[in-house]
Amino acid sequence: MARSMMGKDDADRQLLHRVQQELMVVMSHVATPEQDVNPRQLHTAEMTSLMEQAIDAAATPTGFVIPGDGGTLSACLHLARTQARTVERRLWTLRRRHPVDESILVMLNRLSDYLFILALKYENR
């Protein structure tokens, strides 16, 4: 929903689309039984790097942030951030019983950070 509220040529919209595509691959890997081989290649390290570059390029927040005070797009990004954190925690729990590629966990951790920075960037737009 947040991506649909961004401009068509917005670089953040394009990166979010790439992240969404990678999340589809991630989901297929998580759902594949460990005895089977998933033919889809993970690009989580690349996505993590791209998100880290975007985070580093953004201004750091000053002061306490209250989600929802910055408009609809910002609120949607904050909601997406909380969902990414929930998925990350559940995958750590799953990892206790089944193998989960560590690069997936790293990517999801950085995704929530990236979404937080985006929420700040799009406040009151």
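Residues numbered from 1 in each chain as written. Predicted model: local features only at pLDDT ≥ 70, side-chain atom pairs only at ≥ 80, totals over all residues. Heavy atoms only, no water.

Visitor: Help me out: how do you make sense of helix α3 (residues 72-95) in this one?
Guide: It helps to recall that an α-helix has 3.6 residues per turn; residues three or four apart then point in one direction. Its 24 residues place the ends of α3 35 Å apart at the C-alpha level, agreeing with the 34 Å of an ideal helix rising 1.5 Å per residue. By the burial criterion, the buried members of α3 are L73, S74, C76, L77, H78, R81, A84, E88 and L91. The secondary structure elements touched by the buried residues of α3 are α1 (11-31) and α4 (102-121). (Helix = DSSP H or I, 4+ residues; strand = E, 2+ residues; numbered from the N terminus. Expected span 1.5 Å × (residues − 1). Buried < 20%, exposed > 50% of the residue type's maximum accessible area, 1.4 Å probe, protein only. Contact = heavy atoms within 4.5 Å.)

Visitor: Looking at this structure, I do not really get the side chain of D12. What am I missing?
Guide: Checked against the element boundaries, D12 lands in helix α1. Look at D12 and you get buried, because its relative accessible area is 8%. At 2.7 Å, the side chain of D12 and the side chain of Y122 are in polar contact. Here D12 is in contact with M6, Y114, L118, K121 and Y122, once residues within four sequence places are set aside. (Polar contact = N/O pair within 3.5 Å; in protein donor to acceptor, adjacent residues only side chain to side chain.)

Visitor: Honestly, the nonpolar core in this entry has me stumped. Any pointers?
Guide: Across soluble globular proteins, nonpolar side chains show a tendency to be buried alongside one another. In this structure, L77, L111 and Y114 are the most contacted members of the largest nonpolar core, which totals 28 residues. For this core, the element with the most residues is α4, which contributes ten residues. For L111, the residues in contact, after removing those within four places along its chain, are V19, L23, M51 and A84. (Core = buried A, V, L, I, M, F, W, Y, C linked by side-chain atoms within 4.5 Å.)

That's the geometry; what it means functionally is another story.
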